[in-house]
Amino acid sequence: MKLTINLPGTPSRASEVLIGEGTPAELPAMLAGRLGSRAAYWIWDERVWELWHERVEGYGWPPMESGRLILFPASEMNKRLNSLENLAQQMVRLGADRQSALVAVGGGVTGDVVGFLASIYMRGIPHLQIPTSLLAQVDSSIGGKTGVDLPEGKNLLGSFHQPQTIWMYPQFLETLPPEEFRQGMAEVIKSAMLGDRALWEDLEKHTEAIKRREGDVLLRVIGASCAIKAGVVEADERESGYRMVLNLGHTVGHAVEKVSDYQVRHGDAVAMGLVTAANLAARLGKLAYDDVSRLEKLCIAWDLPVRIPGPCSPESLLAAIQSDKKRMRGTLHFVLPVKIGEVMVYDRLDPEELKQVLLALRTEA
Ligand SMILES: NC(=O)c1ccc[n+]([C@@H]2O[C@H](COP(=O)([O-])OP(=O)(O)OC[C@H]3O[C@@H](n4cnc5c(N)ncnc54)[C@H](O)[C@@H]3O)[C@@H](O)[C@H]2O)c1
Ligand SMILES: [Zn+2]
């Protein structure tokens, strides 16, 4: 499957997403064909390199000795400006110039850091993404957002820089720890809920096959999730309006992350946010309670939380949402599901309604 994300502006800004197209052995030739005379420099998530280098070297991917490969110890803690400087210095020493290109192999952290580096290295060079985590394959590699964190907050420095090509190889997920897979599933559930009923039904029907990471169903799940994100991004590259629908479950999700001091992980927080949005929509008469139950059931099947831990009180969550809203200088746009596969943007939310829902979902622990 091949998706093209056509962005407003010149045709050269199109980004292609290859999903299950070509084998790893065919990849070097595929890249060469796309990069022409540009020399590719590879930045790998160190952990993924450890797990995969023997296999991919066998397929003709550049080995360590090629002099065009850099290992990056990817972690949220290293998603910082000083990593960018460190990687850039290594590139200069290895001879990368403005005729070079970057290839990122790793999860969302590697993709965000390498994308940002590509956007500023010698005023910008092309880059390609080979995402290896579920979250990166279904979400972060699509859309062209890059960035690093500051001590004051996540993703506060960054740029928009569309990868030329994004190559999805679902087999990478074979080595992804189950906990990381579970976190990524929250985004898949979000995508299905906001825009694809058929994907939703696939998720309900094939939970066990997905858990076994069977190639054909994974390919469908990744393809459908990418298509949703690509479709939204294409309509609204710079997040001015419509892209907001991708925030389904994220208003409350981000608040939970913040209030828990990032002790609750992103996927878990998104699941809580989805369940909150669904219950709120049902309370407002916009979503059937049957659909709320289907969402909760699917989350439970993935061991994703459907209740909000006690320490995240409704008051503290509302305060976090209000401060986010202030930063965005405006009204609170709340994305609500109206049925499975369809959302609306609701901007007349009475905080008291939300408070009641948060209260009802709160647990003791
Ligand atoms: N740019 C965007 O639009 C966007 C969207 C969503 C999230 N993000 C960002 O993405 C990041 C989270 O991404 P993530 O969850 O992939 O984090 P990550 O890159 O830290 O990867 C998670 C863990 O999985 C490991 N890993 C990755 N692929 C593996 C594989 N195939 N086998 C074994 N281990 C593997 C990594 O080494 C890491 O330990 C956050 O920093 C977030 O801000 C960006
Ligand atoms: Zn998310």
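Look up: the structure comes first, before these words.
Residues numbered from 1 in each chain as written. Chains lettered and ligands numbered in written order. Predicted model: local features only at pLDDT ≥ 70, side-chain atom pairs only at ≥ 80, totals over all residues. Heavy atoms only, no water.

What follows covers the overall build of the chain. Within the chain one finds 14 helices and eleven strands. Its C-alpha atoms give the chain a radius of gyration of 20 Å, within 12% of the compact-globule value 21 Å for 365 residues. Projecting the C-alpha coordinates of the chain onto the three principal axes gives extents of approximately 60 × 40 × 40 Å. Counting over 365 residues, the chain shows a buried share of 53%. A fraction of 73% describes how many contacts in the chain between residues 6 or more apart in sequence connect residues 24 or more apart. (Helix = DSSP H or I, 4+ residues; strand = E, 2+ residues; numbered from the N terminus. Rg over C-alpha atoms; globule rule 2.2 N^0.38 Å. Buried < 20%, exposed > 50% of the residue type's maximum accessible area, 1.4 Å probe, protein only. Contact = heavy atoms within 4.5 Å.)

One pass over the structure, following the stated rule, counts nine aromatic pairs. Note on Trp42 and Trp61: the rings are 5.4 Å apart at their centroids and 45 degrees apart in plane angle, and the pair reads as tilted. With Trp42 in strand 3 (residues 39-45) and Trp61 in the loop between helix 2 (46-58) and strand 4 (69-72), this residue pair connects regions lying 19 residues apart in the sequence. Across the pair, exposure class does not vary: Trp42 and Trp61 are buried alike. Members of the aromatic cluster, joined through ring pairs, are Trp42, Trp44, Trp49, Trp52, Trp61, Trp167, Tyr169 and Phe172. In this structure, Arg55 is placed above the aromatic ring of Trp52, and the distance from its NZ or CZ to the ring centre is 3.9 Å. In this structure, Lys211 packs its charged tip against the face of Trp302, placed 5.2 Å from the ring centre. (Phe/Tyr/Trp six-rings, centres within 6.5 Å; stacked < 30°, edge-to-face > 60°. Lys NZ or Arg CZ within 6 Å of the ring centre and 35° of its normal.)

To continue, consider the pairing of strand 5 (residues 100-106). With seven of its seven residues buried, strand 5 lies for the most part within the structure. Burial of strand 5 is two-sided: the residues Ser100, Leu102, Ala104 and Gly106 facing one way and the residues Ala101, Val103 and Val105 facing the other way are all buried. Looking at chain direction, strand 3 and strand 5 are connected through six bridges and run parallel. Across the sheet, residue Tyr41 finds its bridge partner in strand 5, namely Leu102. Pairing analysis gives five bridges linking strand 5 to strand 6 (residues 127-131), with the strands arranged parallel. Residue pairing across strands places Leu102 opposite His127, the latter belonging to strand 6. Tracing the backbone out of strand 5, into helix 4 (residues 108-120) and back to the parallel element strand 6 gives a crossover that is right-handed. (Pairing = 2+ DSSP bridges. Right-handed = clockwise from strand over helix to strand, strands pointing away.)

This part is about the sheet that holds strand 6. Strand order in the open sheet formed by seven strands is 1-2-9-6-5-3-4, and the pairing between neighbours is mixed. Of all the strands in the sheet, just strand 1 (2-5) and strand 4 have a single pairing partner and so form its edges. Within the sheet, the average angular offset between the axes of one strand and its neighbour, ignoring direction, is 15 degrees. The sheet contacts of helix 3 (residues 81-94) involve strand 3, strand 4 and strand 5, and relative to strand 4 the element is tilted by about 165 degrees. Helix 9 (residues 215-235) contacts strand 1, strand 2 (15-19) and strand 9 (165-168) of the sheet and is inclined by roughly 15 degrees relative to strand 1. (Axes fitted to C-alpha atoms, helices over the stretch in contact; angles between N-to-C directions.)

This part is about the coordination of the zinc ion (ligand 2). When a metal carries six donors in an octahedron, the ideal angles between them are 90 or 180 degrees, while four donors in a tetrahedron ideally lie at 109.5 degrees. The coordination sphere of the zinc ion (ligand 2) contains the protein donors Glu187 (OE), His250 (NE2) and His266 (NE2), at a distance range of 2.0 to 2.1 Å. Mapping the donors of the zinc ion (ligand 2) onto the primary sequence yields the spacing E-x62-H-x15-H. Residue Glu187 is found in helix 6 (residues 178-195), and its partner His266 is found in helix 11 (residues 266-283); the two are separated by 79 residues along the sequence. Take Glu187: its relative accessible area is 2%, and that puts it in the buried class. (Donors = N, O, S within 2.8 Å, 3.2 Å for Na, K, Ca; no water.)

In this section: the packing of helix 10 (residues 250-259) against helix 11. Close contact between helix 10 and helix 11 brings their axes to 7 Å; oriented N to C, the two are set at 135 degrees. When the axis of helix 10 is compared with that of helix 11, the two are oblique. Where helix 10 crosses over helix 11, the two elements pack in a sense that is right-handed. When helix 10 is examined against helix 11, the residues His250, Val252, Gly253, His254, Val256 and Glu257 are found in contact with a partner set consisting of His266, Ala269, Val270, Met272, Gly273 and Thr276. (Parallel < 35°, antiparallel > 145°, perpendicular 65-115°, else oblique. Left-handed = near helix turned anticlockwise from the far one by under 90°.)

This next bit is on the site of ligand 1. In the vicinity of ligand 1 lie 24 residues, with Asp45, Arg47, Gly108, Ser133 and Thr175 positioned nearest. Between ligand 1 and Arg47 there is a distance of 2.3 Å, counted from an oxygen atom to a side-chain nitrogen or oxygen. Between ligand 1 and Asn155 there is a distance of 3.3 Å, counted from an oxygen atom to a side-chain nitrogen or oxygen. Along the lines of polarity and charge, the residues of the shell around ligand 1 split into seven nonpolar, seven polar and ten charged. (Near = heavy atom within 4 Å. Polar contact = N/O pair within 3.5 Å; in protein donor to acceptor, adjacent residues only side chain to side chain. Nonpolar A, V, L, I, M, F, W, Y, C, P; charged D, E, K, R; others polar.)

Turning next to the pattern of salt bridges. Following the criterion strictly, the structure yields 19 salt bridges and no others. Here Lys79 ties to Asp112 by a salt bridge, and the two come within 2.8 Å at their closest N and O atoms. Highlighted residues: Lys79 in the loop between strand 4 and helix 3 and Asp112 in helix 4, separated in sequence by 33 residues. Pair check on accessibility: Lys79 and Asp112 agree, each one buried. We note a salt bridge from Glu179 to Arg265, for which the minimum N-O separation is 3.3 Å. Taken as a pair, Glu179 in helix 6 and Arg265 in the loop between helix 10 and helix 11 lie far apart in primary sequence, 86 residues in all. (Salt bridge = Lys/Arg side-chain N within 4 Å of Asp/Glu carboxyl O.)

Turning to its location among the elements, Ser133 is positioned in the loop between strand 6 and helix 5 (134-140). Engagement of the side chain of Ser133 in a polar contact is seen with the backbone nitrogen of Ala136, the distance being 3.1 Å.

This paragraph deals with the nonpolar core. Burial of nonpolar side chains together is a common tendency in soluble globular proteins. By size, the foremost hydrophobic cluster in this structure holds 78 residues, and its most contacted members are Phe181, Ile189, Leu203, Ile210, Leu295, Phe334 and Leu354. When residues in this core are grouped by element, the largest group, eleven residues, is from helix 11. Apart from residues lying up to four places away in sequence, Ile210 is in contact with Phe181, Met185, Leu203, Val217, Leu218, Val221 and Trp302. Residues Ala40, Trp42, Trp44 and Val105 belong to the second largest nonpolar core, which totals 22 residues. (Core = buried A, V, L, I, M, F, W, Y, C linked by side-chain atoms within 4.5 Å.)

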